[in-house]
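# Breakdown of the fold
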Amino acid sequence: MRSISPLFEICVKGVVGLGVIFTSLWALEQKDAFANEFNPNNHREKRWNYLYKMAEQETPVDVLVLGNSHAFTGLSPEYLSGALESNAFVLANNATNAMDVYWNLRELLKIHSPKLVAVETYPINHRNHRDMLPGSLAHQIRAFNTRKDPAIRLASMFSLFPVDDVPLAISDVVRNHHYVWEGFPERPRQRKVDYNDRYLGRFIRFTSGLTDSLLATYDELGATIDGAEQLISDECIDYAHRIAELCEKEGIKLVFFTLPMYEKHVENAHIWTQRYENLTQDLDAPYLDLQTQSDMASKTEYFENTRTANQHMTLFGSIRAADELGEFIDSLYPGQLHLRADEEKWLRYHKNNSGIYAYSRPLPTDDNVKFIAQDLHAQNFDIDQCVLADLPANPEVQEIWVRIDNFQNGTTPHNKSLQLRIEFQIGNEPVVDATISVPRYEHIQREDMAVFRQIVRKIDIKRIKGVALSDVAPQQ
Amino acid sequence: MLFNSITFLIFFALVFLIYWGLMAKTLRGRNSFVLACSYIFYGWWDWRFLSLIFISSLSDYLIGQRIERAAEGDRTKRIYLALSLAINLGILGLFKYFNFFLDSLQYGFQGLGMDGSNWRLDIVLPVGISFYTFQTLSYTIDIYRGQLRATRDPIAFFAFVAFFPQLVAGPIERAKDLLPQFSLKPAFDKAAIRSGFTLVLWGLFKKVVIADRLALFVNAAFDEPAGLDSSTAAVALLFFAFQLYLDFSAYSEIAIGIARMLGVRLSTNFKRPYLAASFGQFWSRWHISLSSWFRDYLYIPLGGNRRSKWHTWRNVMIVFLLSGLWHGASWNFVIWGLLNGVFLVVLDPLIIQPFRRLGGAGRAVQAILVTLCWTLSLGFFRAQGWDGAIEVYRALAGGNGAFTVLGMGEPEFQLLLWLLGGMMAIEWIQENWPSASERLQSSPVLVRWSIYYGLSMGIILLGSYGLNLADKQFIYFQF
C-alpha cells in the first residue's frame, strides 16, 4: 500500500479544519444568531425582498431608477409611477457608486424586465470603488449582503471588495460578530416585512426644508461644493458605459438625470453637470439636469437642512423630481411607458398612492376614494378629475385632489387657487353649499395640466356646483 | 500584506503548498522561491521600495566578499565596512531621520531668527526599513570581525535579507543564525509545522482579540488626552503597555511560526517581559533581537561594563538614546529611550534590586515596579508629539473624575480584563513550567484540534475587526 504524502495529509487536515469552521459559521448563520441589525427602515434589505416578491407576484418593474441615497430620498417612485402610469422602482443604496449600480442592474435583470432605466448621476463621481471611505464601504457591504442571486453576487464580489472584506460581505456572523457586545440575548430580530403592502424603494428621511438660519450661513460662508472640482473617475465612466451596453443589449431605454442640491450649496454647478452632459452624449443617452436646468434648486423646501457636502432632497423635492423626470420621459417617448393605466391589478397595487390621484385614475371600486367629478367642463378649462381620498394616517380628515387641463383663452393655473363651490353634508345634518379654496399642488408643474390639493374635514361632498380659478390666496 | 489579513492567509497557503510540494526539492529552487515570495510580500505594500532592499542586499553581498578578501589589519577592510555602514545607515537616515533632523535644525534656526521653512522632503517611511537595515548590517560587521564567512550564494543572501516572515518587523536575525539555514535543504518536519501553526494561531488570537481590542480604549484616550481623568489615563497607559507587548509579541510569534512551517528557525523575541524582576532582566526579555543587537554591535564595542561605573552608565545611556531613535524619529522616542536608560542605571540598583531580599513576594513587587515604570515611560512612546505626552501625564497627575470606559461598552471591557488576566496566567505558567508548550504539542489529537478550533472561532467571534476598523496594522510596522 502506498503511503500518503505528509504534505497531502496536512492538506486534508487543513480542508477538514476549514470545513469544521465554515460549518460552524453556517450553523450560526442558519440560526440567525448574528442577523442584520434591527432597523425599521432597513431599506437595503427591503428593496431586494420586495423586488423578488414583486417578481414572484408578477408585478413587473417597468421603470427602474438607479442611484445612491440621493435617488432613494430625492425621487418619489410613487409619483413617478403615477406620472408614467406604470411601476417605477428606486433601486439605490447609500454611498454606492457606478460599479455597484451596474451589478444591481445585472441582478435585477434576472428577475424583472424594465422598459426604461433612469440612472441618477451621483454614483458617477470622482471615486474609484476601491478608494471608498470605510463608512461608505460599510454601506456597500450591507447592500451587497441583501442581494440574493448567488451567481451575480459571486461575479461581482471580487470587483466590489478587496479580498479581506469578502467574509464581511458574505457572512452575517463575520460582519455582525460584535453584536455579542450589544445585548446579544435581547438582540431584536430582523423586522419581518409585510409583503402585502406596496414598497417602491423610497426611503423618506427629510420632510422639512432649509431653515432661515441655515440660509443665512450660505450668505455668510458661501457654497459647500465647487462643481468645478467634481470630477468623474475613469472607473465610473467605464461602468457608465457598461450600464449603457447592458441596457442596449437588453433593449431597455436608458436616461440619466441629476437631482439638484440647493443653488447656493453648489458653485460652478454648470461645470459639474456639463461633465455628465458630455458623458451621456458619448453614451448616446438622454440627460436631464435638474440642478441647473430647472427652478428646483432655488426651492428651499426641497432640500435637507444641512450645509454638509451630501445634501439630500426632502419629500416635496422628491415629488417634484418625479414630476420632472416623468415629464422628461414622456417627452422622449410619448405614451410609450404608460402601460398600465387600465390595468386593475396595477391600480390595486397602487391603492392609496397619491401619485395616482395626481396623474391617473384610481380604481372606481376603491373604498378609500370617492369620485366627485370627472371630465367636467368649466369656463376656460376642464376638470379632468376630482376625488376625495382617505388619509390612512389620519381618519379624521380627507384629501381633495383636483386635476384640471385643456386651458383655453389664455387661462393659466400659475399662482392660482381653485375655488370649488360644493354641495356637502356632515353626518345626518342637512345638505349645504360652501366654497372651498384648493391651493395649487406646486410640486407638480406641468404646462398642460394642473393639480390642486387640499386637506379637508371628513365630509360627504355630493357634487360640484361651480368652479373657478382665483388669485385669492388659498385658505387652509 | 498584513499577517492578520485574508490576503496573507491565501498568500501563505499557496506559498506553503508550492514550497513543500515543488520548490523545496532543490536548494536553489527553494531560495529563489523564498526570495520571489518575499519580494511579492513586500512589493504588495509598495513595490518601489523593493529597490531599497535590493540596493542594501547587493551592496552588502559584494562588500562582504571584499571585507573577507582584505587581509587582517588592512585599511581597505575598514573602508569596506565604513562603506557598508554608510550605504545602509545612509538609506535609513534619508528615509527615516532626514526630516526629523531638518525639523530640529529649523526649530533652532527659527530661534536665531532665520527662516528654515520648506526644507522638508516629501518622503514616505518604507515599512520595515529599520529591521532589515540592522539585519544586513550584522552580516558585514560579523564578517569584519571574522565571526562569519561571506556567502558566495547571492540568492541565499538576498533571501536572508528579505525573508518575508520577519522582513517588516523582525525578529532581527543575525546572519550567522539565519544565513546558514539557506544553505541547507529544509526537512519536512510535521512536528515543526504543527508547532509553527499553533504559534501562528496563538499570535493571531493575541493580536486580533486582545491587542486590537485594547487599541479601542487606548486610541480613544490618546486621541483626546486633555479630557481624561487620572484613573482613565492610568488605565489607558497600562492598556497601551499590554497592547504594545501583545501586538509586537504576536507579530514575532506569527513570524516565527510561519518560518517554522517553512523549515526555518527564527530567534525568540520576547520572554515574558512583564514578569521581569529588574530592568536589566526586562531588556533581556523585551524585543530580544534588537536589545542583543545593540548589546553586541554598540554597547560592547563602546566598552560595555569593562571600565568604570561612569563609563558603563555613559554606554547604557548612549545605547538607550539610539534605541529610542531607532524606534522613531521624534524627540518623544529620544526621551522615552533616555528614561529607560535612567531606569536601568538608577532605579534598578537603588529601588528594584533591594526587594530581592524579600523572596517570592519581593520578586512580585519587583516585577510590578518594573512594569509600572516601563508603563509610565510609554506616555512618550504612544502620544502624538511632546504636547500630547504632556497632556497624558497632566491627566495622570491631575483630575479626579470618575473612571470612564472608552471605545467600548462595559461587557466588552470586562471581557478585556478577563482576557488580560488569562494572558498573564498563561505567561506565569510558561515562566514556571517551560515545558508546558511542548507538552501541549504532544497532547492527544482531540485536545490539539479543540485548541485550534477554540482559537479560530475565538478570533472570528471575539476579534476586534470589521467595518470602520480599517487600520489594523502592527504597531512596530511604523519603525
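Figured I'd write up the structure that's included with this text.

Reading guide: rules and limits
Residues numbered from 1 in each chain as written. Chains lettered and ligands numbered in written order. Predicted model: local features only at pLDDT ≥ 70, side-chain atom pairs only at ≥ 80, totals over all residues. Heavy atoms only, no water. Contact = heavy atoms within 4.5 Å. Buried area = accessible area lost by both parts, 1.4 Å probe. Salt bridge = Lys/Arg side-chain N within 4 Å of Asp/Glu carboxyl O. Polar contact = N/O pair within 3.5 Å; in protein donor to acceptor, adjacent residues only side chain to side chain. Helix = DSSP H or I, 4+ residues; strand = E, 2+ residues; numbered from the N terminus. Nonpolar A, V, L, I, M, F, W, Y, C, P; charged D, E, K, R; others polar. Buried < 20%, exposed > 50% of the residue type's maximum accessible area, 1.4 Å probe, protein only. Disulfide = S-S within 2.5 Å. Pairing = 2+ DSSP bridges. Axes fitted to C-alpha atoms, helices over the stretch in contact; angles between N-to-C directions. Core = buried A, V, L, I, M, F, W, Y, C linked by side-chain atoms within 4.5 Å. Domains from an automatic or database assignment. Patch = residues over 30% accessible without salt bridge, like charges linked within 9 Å, V, L, I, M, F, W, Y side chains within 5 Å. Areas by Shrake-Rupley, 256 points an atom, 1.4 Å probe, with all protein chains shown as cover.

## Focus on the interface of chain B and chain A
Every contact between the two is made by 28 residues of chain B and, on the other side, 29 residues of chain A. Each partner contributes to the roughly 2300 Å² buried at the junction of chain B and chain A, and carbon and sulfur atoms together form 78% of this total. At the junction of chain B and chain A, the tally comes to 1 salt bridge. Between B:Lys190 and A:Glu9 there is a salt bridge, and its shortest N-O distance comes to 3.2 Å. The interface formed by chain B and chain A includes 6 residue pairs in polar contact (both at pLDDT 80 or more). Mapped by element, the contributors of at least two residues to the side of chain B that touches chain A are α1 (6–21), α8 (190–223), α16 (410–432) and α18 (445–462) of chain B. The residue makeup of the side of chain B that touches chain A, split by class, is 18 nonpolar, 7 polar and 3 charged.

## What to know about unusual backbone geometry
Most peptide bonds take the trans form, and the phi angle of most residues other than glycine is negative. All names here are of chain A. The backbone of aspartate 284 shows a phi angle near 60 degrees, a positive value even though the residue is not glycine. Under the relative-accessibility criterion, aspartate 284 is labelled exposed at 71%. One non-glycine residue, asparagine 380, lies in the positive phi region at around 75 degrees. Mapped onto the fold, asparagine 380 is located in the loop between β8 (369–378) and β9 (381–390).

## What about the state of the cysteines?
For the coordinates displayed, the defined rule picks out 0 disulfides over all chains. Distance from the sulfur of A:Cys236, which forms no disulfide, to the nearest cysteine sulfur (A:Cys247) is 16 Å.

## Let's talk about the side chain of A:Thr73
Residues and elements named next belong to chain A. Among the structural elements, threonine 73 can be located in helix α3 (residues 69–74). Taking relative accessible area as the criterion, threonine 73 reaches 1% and is therefore assigned buried. Sequence-distant contacts of threonine 73, that is, excluding residues within four places in its chain, are made with Arg202, Phe203, Arg205, His312, Met313, Thr314 and Ser318.

## So, the side chain of A:Gln398
Residue and element names in this part refer to chain A. With respect to the helices and strands, glutamine 398 occurs in strand β10 (residues 397–405). A distance of 3.3 Å separates a polar side-chain atom of glutamine 398 from the backbone nitrogen of isoleucine 459. Discounting residues that sit within four places of it in the chain, glutamine 398 has contacts with Leu388, Ala389, Asp390, Gln454, Ile455, Val456, Arg457, Lys458 and Ile459.

## A short note on the sheet that holds strand β7 (residues 287–289) of chain A
All names here are of chain A. The strand order across the open sheet formed by 5 strands is β2-β1-β3-β5-β7, and the pairing between neighbours is parallel. Of all the strands in the sheet, just β2 (88–92) and β7 have a single pairing partner and so form its edges. Ignoring strand direction, the axes of neighbouring strands in this sheet form an average angle of 20 degrees. With 4 bridges joining them, strand β1 (residues 63–67) and strand β3 (residues 116–120) adopt parallel strand pairing. Bridging across to β3, leucine 66 finds its partner in valine 119. With respect to the sheet, helix α5 (residues 98–108) is in contact with β1, β2 and β3, its orientation differing from that of β1 by roughly 155 degrees.

## Remarks on the nonpolar core
Counting residues in hydrophobic clusters, the biggest one holds 148 residues, and the most contacted among them are B:Phe164, B:Ile210 and B:Trp374. Three or more residues apiece are contributed to this core by two domains, here domain 1 (6–187) and domain 2 (191–478) of chain B. Sequence-distant contacts of B:Ile210, that is, excluding residues within four places in its chain, are made with B:Phe205, B:Leu246, B:Leu416, B:Leu419, B:Leu420 and B:Met423. Membership of the second largest hydrophobic core comes to 114 residues, among which are A:Met54, A:Tyr179, A:Ala244 and A:Ile329.

## Let's talk about a nonpolar patch on the surface
A surface patch of nonpolar side chains, amounting to about 530 Å² of accessible area, comprises A:Ile4, A:Phe8, A:Val12, A:Val16, A:Val20 and B:Tyr453. When residues in the nonpolar patch are grouped by element, the largest group, 4 residues, is from helix α1 (residues 6–30) of chain A. Structurally, A:Val16 is set in helix α1.

## A closer look at the sheet that holds strand β13 (residues 449–457) of chain A
Residues and elements named next belong to chain A. Ordered by their spatial adjacency, 4 strands build an open sheet running β8-β9-β10-β13, and the pairing between neighbours is antiparallel. Pairing within the sheet leaves two strands with one partner each, and these edge strands are β8 and β13. Geometrically, the sheet is characterised by an average inter-axis angle of 15 degrees between neighbouring strands, direction not taken into account.

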